[in-house]
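# Analysis of the macromolecular model
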Amino acid sequence: MKAAVFREVGQPLEVEEVSISKPGPREVLIRTAAAGVCHSDLHFVEGLYPAVTPMVLGHESAGIVEQVGSSVIYVKPGDHVITCLSVFCGHCEQCVTGHMSLCENPELRRGKDEQPRLMQDEKPMQQFANLSSFAEQMLVHEHAIVKIREDMPLDRAALIGCGVTTGIGSVFHTAAVEPGSTVAVIGCGGVGLSCINGAALVGAGQIIAIDTVASKLELAKTFGATDVINAADVDPVEQVKELTNGGVQYSFEAIGLKTTAEQSFRMLRAGGTATIIGMIPVGVKIELTGSAFLQEKKIQGSNMGSNRFRIDMPRFIEFYLAGKLHLDEMISKRISLGDINEAFVDMKSGSVARSVIMFDH
Ligand SMILES: NC(=O)c1ccc[n+]([C@@H]2O[C@H](COP(=O)([O-])OP(=O)(O)OC[C@H]3O[C@@H](n4cnc5c(N)ncnc54)[C@H](O)[C@@H]3O)[C@@H](O)[C@H]2O)c1
Ligand SMILES: [Zn+2]
Ligand SMILES: [Zn+2]
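Residues numbered from 1 in each chain as written. Chains lettered and ligands numbered in written order. Predicted model: local features only at pLDDT ≥ 70, side-chain atom pairs only at ≥ 80, totals over all residues. Heavy atoms only, no water.

## With respect to the coordination of the zinc ion (ligand 3)
- Those donors, Cys89 (SG), Cys92 (SG), Cys95 (SG) and Cys103 (SG), are the protein atoms that reach the zinc ion (ligand 3), and they lie 2.3 to 2.4 Å from it.
- Along the chain, the residues donating to the zinc ion (ligand 3) fall in the pattern C-x2-C-x2-C-x7-C. Each of the two residues, cysteine 89 as well as cysteine 95, counts as buried. (Donors = N, O, S within 2.8 Å, 3.2 Å for Na, K, Ca; no water. Buried < 20%, exposed > 50% of the residue type's maximum accessible area, 1.4 Å probe, protein only.)

## Here's the deal with the side chain of threonine 166
- By the secondary structure assignment, threonine 166 is in helix α3 (residues 154-174).
- Dropping the residues within four chain positions of it, threonine 166 is found in contact with Val191, Ile277, Met304 and Gly305. (Helix = DSSP H or I, 4+ residues; strand = E, 2+ residues; numbered from the N terminus. Contact = heavy atoms within 4.5 Å.)

## Examining the domain arrangement of the protein chain
- Under the domain assignment used here, the protein chain contains domain 1 (2-162 + 306-358) and domain 2 (176-301).
- Each of domain 1 and domain 2 has a C-alpha centre, and these two points are 28 Å apart.
- Counting residues at the interface gives 18 residues for domain 1, matched by 17 residues for domain 2.
- Counting the surface lost from both domain 1 and domain 2, the interface buries some 1,400 Å², and carbon and sulfur atoms represent 68% of this.
- Along the contact surface separating domain 1 from domain 2 lie 0 salt bridges.
- Taken together, domain 1 and domain 2 are joined by 8 residue pairs in polar contact (both at pLDDT 80 or more).
- When grouped by side-chain class, the residues that make up the side of domain 1 that touches domain 2 number 9 nonpolar, 6 polar and 3 charged. (Domains from an automatic or database assignment. Buried area = accessible area lost by both parts, 1.4 Å probe. Salt bridge = Lys/Arg side-chain N within 4 Å of Asp/Glu carboxyl O. Polar contact = N/O pair within 3.5 Å; in protein donor to acceptor, adjacent residues only side chain to side chain. Nonpolar A, V, L, I, M, F, W, Y, C, P; charged D, E, K, R; others polar.)

## Let's talk about the layout of surface pockets
- Estimated volume of the second largest pocket: approximately 170 Å³.
- Around the second largest pocket, the lining residues are Gly24, Pro25, Arg26, Glu27, Glu107, Leu108, Arg109, Arg110, Glu114, Arg117 and His141.
- In terms of residue class, the lining of the second largest pocket is built from 2 nonpolar, 2 polar and 7 charged. (1 Å grid on protein atoms, 1.4 Å probe; cavity = no way out; pocket = protein on both sides within 12 Å on 5 of 7 lines; lining within 4 Å. Points joined across faces, edges and corners; volume = space filled by probe spheres on them.)

## Describing the nonpolar core
- One finds Ile82, Ile160, Val164, Val177, Ile196 and Phe252 to be the most contacted residues of the largest nonpolar core, which totals 70 residues.
- Examining the composition of this core, we find that 9 residues originate from one element, α3, more than from any other.
- When residues of this core are assigned to domains, at least three map to each of domain 1 (2-162 + 306-358) and domain 2 (176-301).
- Sequence-distant contacts of isoleucine 82, defined by excluding residues within four places in its chain, comprise Ser61, Ala62, Ala144, Ile145, Val146, Ile148, Ala157, Ile160, Gly161, Met313 and Ile317.
- Residues Phe6, Leu13, Leu118 and Ala343 belong to the second largest nonpolar core, which totals 29 residues. (Core = buried A, V, L, I, M, F, W, Y, C linked by side-chain atoms within 4.5 Å.)

## Re the pattern of salt bridges
- Per the stated rule, a full pass over the model turns up 19 salt bridges.
- A salt bridge links glutamate 60 to arginine 354, with the nearest nitrogen and oxygen atoms 2.9 Å apart. With glutamate 60 in the loop between β5 (55-56) and β6 (61-68) and arginine 354 in strand β19 (residues 354-358), this pair connects stretches of sequence that are 294 residues apart. With respect to class, glutamate 60 is no different from arginine 354; both count as buried.
- Ionic pairing is found between aspartate 151 and arginine 149, a salt bridge with its closest N-O pair at 2.6 Å.

## Things to note about the site of ligand 1
- In the neighbourhood of ligand 1, 29 residues make up the surrounding shell, with His39, His43, Asp211, Lys216 and Met304 lying closest.
- Take histidine 39: an N or O atom from its side chain is 2.5 Å from an oxygen atom of ligand 1.
- Burial of ligand 1 by the surrounding chains reaches 89%, relative to a free accessible area of 870 Å².
- Going through the elements one at a time, α1 (39-45), α3 and α4 (190-201) are the ones with two or more residues in the shell around ligand 1.
- Per element, the largest residue contribution to the shell around ligand 1 is 3 residues, and it comes from α1.
- Its residues assigned to classes, the shell around ligand 1 shows 12 nonpolar, 14 polar and 3 charged.
- Inspection of the shell around ligand 1 shows a minimum of three residues originating in each of domain 1 (2-162 + 306-358) and domain 2 (176-301). (Near = heavy atom within 4 Å. Areas by Shrake-Rupley, 256 points an atom, 1.4 Å probe, with all protein chains shown as cover.)

## Overview of unusual backbone geometry
- Omega for the bond connecting threonine 53 with proline 54 falls within 30 degrees of zero, at -5°, which places this linkage in the cis form.
- Secondary-structure assignment places proline 54 in the loop between α1 and β5.

## Observations concerning helix α6 (residues 236-244)
- Along α6, the residues classified as buried are Pro236, Val237, Val240 and Thr244. End-on view of α6: buried residues confined to an arc of 100°, all on one side of the axis.
- Against the buried residues of α6 lie β12 (182-186), β13 (206-211), β14 (227-230), β15 (248-253), α7 (258-266) and β16 (268-276).
- A side-chain oxygen of the first residue of α6 lies 3.0 Å from the backbone nitrogen of valine 237; this N-cap is aspartate 235. (Arc of directions from axis to C-beta.)

## Topic: the packing of aromatic side chains
- Within the structure shown, the criterion is met by 7 aromatic pairs.
- Both rings, one in phenylalanine 44 and one in phenylalanine 128, keep their centres 4.9 Å apart while their planes meet at 70°; by these two values the pair is edge-to-face. Residue phenylalanine 44 is found in helix α1, and its partner phenylalanine 128 is found in the loop between β9 (123-127) and β10 (137-141); the two are separated by 84 residues along the sequence. Summarising the burial analysis for this pair, phenylalanine 44 and phenylalanine 128 share the class buried.
- With 5.7 Å between their ring centres and 65° between their planes, phenylalanine 88 and phenylalanine 309 make a pair best called edge-to-face. Within this pair, whereas phenylalanine 88 is found in the loop between β7 (80-83) and α2 (93-96), its partner phenylalanine 309 is found in helix α8 (residues 309-321), the two being separated by 221 residues in sequence.
- Each residue in the set Phe44, Tyr49 and Phe128 is aromatic and connected to the rest through ring pairs, giving one cluster. (Phe/Tyr/Trp six-rings, centres within 6.5 Å; stacked < 30°, edge-to-face > 60°.)

Okay, structure coming up:
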């Protein structure tokens, strides 16, 4: 099968022939239909997060089941699925207490003595996030997929695989935003726009979108932003305080920068909570003013929107089909696998919400 291979930091991915193993007892082979390009993939290409190479990147996808392992009863060939990197075991302490996105059970991957899921010329090829979606096929654990209704278009379904679940889940689950509260979202890419959409869904009162690209702020209004701030022109912290008479109850950082993470904390009102979704580069420390804790200001991380994806993703599909989730507007470009490097360039410029790779088999 064809896959986009990442070999060296800063170098373009190359579309190459990669071989894929047969499903083990609890594995599922999927024909990839669509894969979104998320900024997390780019962080690895840029070396901000370490990776063992060669590796097939990609982790936001949907497809059709082709073959299942001997113990799999959840899906059958022909079923439509969304993948999720939050593969869960279902029996560890995190899973049993409802924190399935924090499951770290290594049994979900193939062991060192087993044949790797992906190979090239008899050598192992690393699987990114237990998925590797920038490829015509994926071989995954059965707990890395959710079955979905077949009338859901697979390109829009793919977005739910990471960015949408991360953004909405951060609002619903991680921060548990209440109706009527004030929200600010810094960064209006696929993840930030989904936060805005999530805040609108829970009935947040004021939803302030912050970006440095004017077209993104226009798009943010479509997703439910009530106010927008261009951080290229003004200090977003001062502006948020002015718009809310002192600061927001909830802020979300959806970029992955030290400065914007610090801004997200500084724009809180007393008792407020900042949720950091962006992947702050490894080794970077963020600084907070200690006395702010006397005002009960809080800061927390969010991993994949603290999801329980087998429940969440089908619900998000229902939101989309009811016209409440703006997935059509999120796809800026439909591209082919060979266009992946241009998609990264577009992403860096901030000009796109999402590029989606379409696989026409
Ligand atoms: N925590 C998780 O589980 C999780 C999951 C998915 C993605 N992420 C991370 O979330 C972040 C966002 O991902 P994405 O795919 O939406 O990225 P993106 O590149 O599509 O969007 C980022 C947006 O931020 C804007 N921006 C850049 N610098 C800015 C600044 N200084 N001030 C205001 N806006 C600025 C850009 O114009 C762009 O619109 C990334 O760090 C990604 O790795 C985390
Ligand atoms: Zn992602
Ligand atoms: Zn577990």
